[in-house]
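# Inside the fold
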Number of protein chains: 4
Amino acid sequence: MAIRTVIIGASGYSGAELVSILLAHPDARVEGLFGSAKREGDEPYSASFGRFRGRLDLPVRPASTEAVLACKPDAVFLATPHEASLEFARSLDGRVACVLDLSAAFRLKDATRYPAFYGFEHTHPALLSRAAYGLPEINRAAIRGASLVAVPGCYPTSAILPLLPLARAGAIATRPDGRPARPVIDSTSGVSGAGRGLALRSLFCEVHQQAYGVLKHRHQPEIDAYAGVPTVFTPHLGPFERGILSTIHVELAPNWDEARVRACLTDAYREEPFVRICPAGVWPSVADVRQTNFCDISLAVDPAWGHLIITSAIDNLVKGAAGQAVQCMNARFGLPETRGLLSTHGGTGA
Amino acid sequence: MAIRTVIIGASGYSGAELVSILLAHPDARVEGLFGSAKREGDEPYSASFGRFRGRLDLPVRPASTEAVLACKPDAVFLATPHEASLEFARSLDGRVACVLDLSAAFRLKDATRYPAFYGFEHTHPALLSRAAYGLPEINRAAIRGASLVAVPGCYPTSAILPLLPLARAGAIATRPDGRPARPVIDSTSGVSGAGRGLALRSLFCEVHQQAYGVLKHRHQPEIDAYAGVPTVFTPHLGPFERGILSTIHVELAPNWDEARVRACLTDAYREEPFVRICPAGVWPSVADVRQTNFCDISLAVDPAWGHLIITSAIDNLVKGAAGQAVQCMNARFGLPETRGLLSTHGGTGA
Amino acid sequence: MAIRTVIIGASGYSGAELVSILLAHPDARVEGLFGSAKREGDEPYSASFGRFRGRLDLPVRPASTEAVLACKPDAVFLATPHEASLEFARSLDGRVACVLDLSAAFRLKDATRYPAFYGFEHTHPALLSRAAYGLPEINRAAIRGASLVAVPGCYPTSAILPLLPLARAGAIATRPDGRPARPVIDSTSGVSGAGRGLALRSLFCEVHQQAYGVLKHRHQPEIDAYAGVPTVFTPHLGPFERGILSTIHVELAPNWDEARVRACLTDAYREEPFVRICPAGVWPSVADVRQTNFCDISLAVDPAWGHLIITSAIDNLVKGAAGQAVQCMNARFGLPETRGLLSTHGGTGA
Amino acid sequence: MAIRTVIIGASGYSGAELVSILLAHPDARVEGLFGSAKREGDEPYSASFGRFRGRLDLPVRPASTEAVLACKPDAVFLATPHEASLEFARSLDGRVACVLDLSAAFRLKDATRYPAFYGFEHTHPALLSRAAYGLPEINRAAIRGASLVAVPGCYPTSAILPLLPLARAGAIATRPDGRPARPVIDSTSGVSGAGRGLALRSLFCEVHQQAYGVLKHRHQPEIDAYAGVPTVFTPHLGPFERGILSTIHVELAPNWDEARVRACLTDAYREEPFVRICPAGVWPSVADVRQTNFCDISLAVDPAWGHLIITSAIDNLVKGAAGQAVQCMNARFGLPETRGLLSTHGGTGA
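Everything quoted here is computed from the prediction, not taken from an experiment.

Criteria and thresholds
Residues numbered from 1 in each chain as written. Chains lettered and ligands numbered in written order. Predicted model: local features only at pLDDT ≥ 70, side-chain atom pairs only at ≥ 80, totals over all residues. Heavy atoms only, no water. Least-squares fit on C-alpha atoms with pLDDT ≥ 70 in both. Contact = heavy atoms within 4.5 Å. Pairing = 2+ DSSP bridges. Helix = DSSP H or I, 4+ residues; strand = E, 2+ residues; numbered from the N terminus. Axes fitted to C-alpha atoms, helices over the stretch in contact; angles between N-to-C directions. Buried < 20%, exposed > 50% of the residue type's maximum accessible area, 1.4 Å probe, protein only. Buried area = accessible area lost by both parts, 1.4 Å probe. Salt bridge = Lys/Arg side-chain N within 4 Å of Asp/Glu carboxyl O. Polar contact = N/O pair within 3.5 Å; in protein donor to acceptor, adjacent residues only side chain to side chain. Domains from an automatic or database assignment. Nonpolar A, V, L, I, M, F, W, Y, C, P; charged D, E, K, R; others polar.

## Things to note about the relation of the copies chain D and chain C
Each copy of the sequence occupies a distinct position, and chain D is placed on chain C by a rotation of 180 degrees and an axial shift of 0.0 Å, giving an RMSD of 0.0 Å. Interpreted geometrically, this transformation is the action of a two-fold axis. Taken together, the interface assignments show that 100% of the residues at the interface of chain D recur at the interface of chain C, consistent with an identical surface on both copies.

Here's what the structure looks like:
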């Protein structure tokens, strides 16, 4: 029997990606599409995204808890702003099997950090403590039993996957002051990461390679909370639609060399279907992971300085959002995590 | 039982698109990947296209009839140059259930036209007469019984689908000299249409909006052979990866207005899963059909002049090549034509 | 002595292009930058466009007739919406030597056509009759004496230049009903043509090859007014920043062949520095004219049908807007028209 | 009297950029265009780059010392491969006032480093010792008297300009082992940086965000030779034509904070026309410097960790190649360095 799903926030890029994936998912069915709370109207979905013309008849309706519950969903995906996610997670709590939230509303366990980094007071700390961080590769058990999943941010996914196994294994050097040597993370994201809102910087003629949110980005505390080590993270925007490439620098602890790093990551992800450690000398391109749920990782070490360079590539809308959410749904409902997520139908060349 | 498939020419863009589609196809299995005859080596497929890393273990092998037959294929896809297709179609004839050729080697029924437009003498006219033109919407019955399918060109697909029903219904005006008023077709294609060969004009920094092959393009006789009317076709290249938009102008016969044109096309394609007639005022974008097998069509008529404007959009690598080939395979092997072809997992916005 | 210039509407793309060109112009000086009437504030120009950082100290000020006149300008450029242009042209009339308007407010001589195509009542028909249409290649004498210049639209420039000499020479066929055979114009523009306003369709992830404004575009009456023949014009948007490629189809009158068409256009533009007739077989690319004031034109004729195909390429922001305005300024103030406009510093490849 | 210039290697991207700049230069004249030694033929330059159609009549000729000298050049620009540059620099030595080489043939003072990083034996160490490194902001005096200028690489320009003043001022921390804490440089370049050669990775459909040459790039020793500190440099390619953004991380020495870093860079470049230190909070975009000779620099410091983040943006073909070469020519021939280099005619938005 198919999992009945509802998407709130279907008019954004992550919402549309969810619809695309769920439409092709053999064990799920899309039962309802809703705008975020603020949106009005009752338009057919193809008016928002022409590619669904003839493929999906559902309208996008204004979101309300009642209307959502009337769809009798097993899983509700929240592709909504933080504040809307907070409210829907609360109002749906206990009334659907699982809520999967793609916003940051439940990612940080420490409620006191929300005002500084997200600009809102966290009003539901009890829910927060029950939310499972939705990165299956590191938190599978919790996700399987969760009624609320906080799907990770896109940048954090690209950083945590390569860093956590190394941090746990003690691969990261310690500074003379006793603090860890912070890994440096320079990430470049496609423009879809900025969402579908009308902003000057998202106009076609305005986008170009550029850093932003330096030392202030909301994903910094999320990365630090789950990567196993404090980091310094600098996001950039690049002139392309989708994908993230993160380049990560790590000062290695004594006795760590390239072979040991490679073995550590290979061992960590040997059984993981969505993490691919590239052969030496092959550096992942965003083209390799576009419209897939893969995270590709490559690495090299400069032995004279004990300096490790990692690059990791994901699709920000798939492994960085909708695909990861569906992977969590699969885990939560007892399906193989790869179900509906193994398309390679993404790129052209490379 | 799954259809056993082999792809010859797997290292090009159409070949890779075939692999992507067939990997996700529930009733097909990829049994072998071969380069075109001229290519050497035995490299893993992910060395050609990183996105298949970990998804497909097959190497790309040098193509030979024996090696292909050793895979015991039911269907062999030829994503090869015309001359290679000619040879493989001949050598495989009678030894596999169906050969699906994506080149132009078998598209024109009249063998005498090959030297002028394609620069080669057609050496197998007997095969030519047995080949079925692989546009299911207009030639389904022949495809179902075919041992050789000539999959249409990308531009022709975008032009024939809107024009043929109108030509058949007598919608196109006659000139005073008794000849039909030729429809004007201006098409813009993404760069993948130029293939993966190393050519200056395909370099990233060289591509821009530009006409090419004016009055000389190889697809002109193919369009004229199947659209039901002679046309004048001008191809353009645009700075994007994939997709074709064709804008078509038709001088209407007396008594044809917008409503009648719309009814004609709507009736023709009412049962067709891959042709979408857009609502009035909605003009298809390449973004709507990217990585789908759809052909979107819209139209408007200037009543003062009896002038019809149609635009049609397809993905040149899917409905214009690999997707259409798989649709033909589905038809040939008794499957629903939509099997494995309903992904909407292509775009971001629009 | 340098021409003192002021730009109203400096915060848009055409306005910024004007500033770029005028900054490098040896005989002009930028004396004031103003927003369009509706904009507020007093920000430094580099806050709008980072590339002017350190190159131009002027702030962008709210526009008012008094503030503009206080700059003592010889020439005022209006890169403003139609309605604002109407008001500034009126209030500045007689008080500056020349107003150059980049909007459509004064392009159509027939005031009665404004409501239908532009949605406003033309409130200053007297000014309208005195405005010179600013296409120097066809209207130089009037521009030289004008106090108000209506700088042409981008699409019209790309269509009128190739069509007018042919229409004047009688090259265009007559239909049996006595009307001319309308040339078909299919144009593709870069996204900057849509302006800098916040619109969903201008977002990076939304833009793709697509027709729009079919049979309804505001440039249709402008083309028809100056091309010498009624036409049917279909605009498209393409995924690139700047440039227009127009593909134009003409049914030739008897006795016109390719040589005669080529001679007609070559003769018409032999002395024109900004119109380049390409050698046979060379089809202009948008890359060739990017950030230049050139209009490149190529052509071929299908003799069996008397069918002429022309493509013309311009930069929509230069020859289609700011460059043309400066060319008019040069003509108006007795300078060589090429002054400040011969940069080739635009492209990379091709 | 104008400087007579010749460009060898005019058929590449840097060569064409040189031609663009020199054509608009008020004190220089292009007297001859040559291919690199290996190229044949005698084609008009517009056959290589359509944008020069009608602007430059010179053909591109096969390069030979005699043919070059017959142009009686004052300055010869070598936009040639390393080996060709070596030979032309030698054969032209003493016979023209100044040779400006855009290859790496004379950038490293230590001849023994060429085999490892560039794959060739340096055959002219005497010339090497006389070559002036062509970064005027740090080596102006030597350039003014030089007969041979080694124009810097693109990545090195973007890294050396922000790092050298800091290294000289002692801003960079020392590691416990006594070595400096190496700055981390992550750079993303547009595709023109890969040149105009036919390579799979430069095809339109193959380019995407990706690291390459990790720990092996030829610019690593050049950066280290001139930045004042050893570094770790990782280049990336991004899907755009031109421009480089470098993100640089520096562990600060004690007593260095954001204000002191800003003061150090502001002081270093106060008189430099082509280095722009951005206001706090403004992060340079590649769009801001496209087709300009500017290097834009911004910075922020995380005080808790003494961690400095700098981003710098240049156009790889201008300040990273042709513009810098012309700046050197200006310095060498006693002109203001800005002559012919102040165009802002590059971008659209941002």
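## Things to note about the sheet that holds strand β4 (residues 75–78) of chain C
Residue and element names in this part refer to chain C. Strand order across the open sheet formed by 7 strands is β3-β2-β1-β4-β5-β7-β6, with parallel pairing between neighbours. Two strands bound the open sheet, and with one partner strand each, they are β3 (60–61) and β6 (132–133). For β4 and strand β5 (residues 98–101), the ladder comprises 4 bridges, and the chain directions are parallel. Paired with Phe77 across the two strands is Leu100, which belongs to β5. Strands β1 (3–8), β4, β5 and β7 (148–150) of the sheet are contacted by helix α4 (residues 82–92), whose axis makes an angle of about 165 degrees with β4.

## Points about the environment of D:Cys154
Residue and element names in this part refer to chain D. Position of Cys154 relative to the elements: it lies in helix α8 (residues 154–168). Looking at Cys154, the relative accessible area reads 12%, which means it is buried. If we ignore the near neighbours within four places in the chain, the residues touching Cys154 are His219, Ile244, Ile314, Asn316 and Gly320.

## Quick word on the sheet that holds strand β10 (residues 232–237) of chain B
Backbone hydrogen bonds hold the strands of a sheet together, and the pairing may be parallel or antiparallel. Residue and element names in this part refer to chain B. Strand order in this open sheet of 7 strands is β9-β10-β8-β11-β14-β13-β12, and the pairing throughout is mixed. Edge positions in the sheet fall to β9 (210–211) and β12 (275–277), since each has one partner strand and no second. As paired elements, strand β11 (residues 244–251) and strand β14 (residues 307–314) share 8 bridges and run antiparallel to each other. Looking at β14, one finds that Val250 is bridged to Leu308. Contacting β8 (184–189), β10, β11, β12, β13 (295–302) and β14, helix α8 (residues 154–168) runs over the sheet at an angle of about 30 degrees to β11.

## A closer look at the interface of chain D and chain A
Chain D puts 44 residues into the contact, and the matching count from chain A is 44 residues. Here chain D and chain A share an interface that buries about 3800 Å² over both sides, 62% of which is from carbon and sulfur atoms. On the chain D side of the interface with chain A, the three residues burying the most area are D:His208, D:Gln209 and D:Trp305, jointly 19% of the side's total. The interface formed by chain D and chain A contains 4 salt bridges. Two residues, D:Arg175 and A:Glu251, come together in a salt bridge whose shortest N-O distance is 4.0 Å. Viewed at the interface, chain A and chain D are joined by 12 residue pairs in polar contact (both at pLDDT 80 or more). Residue assignment for the side of chain D that touches chain A shows that the elements contributing at least two residues are β8 (184–189), β9 (210–211), β10 (232–237), β11 (244–251), α11 (286–289), β13 (295–302) and β14 (307–314) of chain D.

## Examining the domain arrangement of chain A
All names here are of chain A. According to the domain assignment, chain A consists of domain 1 (3–151 + 321–332) and domain 2 (155–314). Distance from the C-alpha centre of domain 1 to the C-alpha centre of domain 2: 25 Å. Taken residue by residue, the interface counts 21 residues in domain 1 and 20 residues in domain 2. Run the count over domain 1 and domain 2 and you get 3 salt bridges. For Arg242, the salt bridge identified is with Glu17, shortest N-O distance 2.6 Å. For the interface between domain 1 and domain 2, the tally reads 13 residue pairs in polar contact (both at pLDDT 80 or more). Counting residues per element, the ones that place at least two in the side of domain 1 that touches domain 2 are α1 (13–23), α5 (114–118), α7 (136–144) and α12 (322–332). Class assignment of the residues belonging to the side of domain 1 that touches domain 2 gives a composition of 8 nonpolar, 7 polar and 6 charged.

## Observations regarding the interface of chain D and chain C
The interface is formed by 37 residues belonging to chain D together with 37 residues belonging to chain C. Taking both partners together, chain D and chain C bury about 3100 Å²; carbon and sulfur atoms supply 45% of that area. Notably, a salt bridge pairs D:Asp296 with C:Arg53, separated by 2.7 Å at the nearest N-O pair. Applying the counting rule to chain D against chain C returns 13 residue pairs in polar contact (both at pLDDT 80 or more). Among the elements of the structure, α1 (13–23) and α11 of chain D are those that each provide at least two residues to the side of chain D that touches chain C. No other element matches the 5 residues that α1(D) contributes to the side of chain D that touches chain C. When the residues that make up the side of chain D that touches chain C are grouped by side-chain class, the tally is 14 nonpolar, 12 polar and 11 charged.

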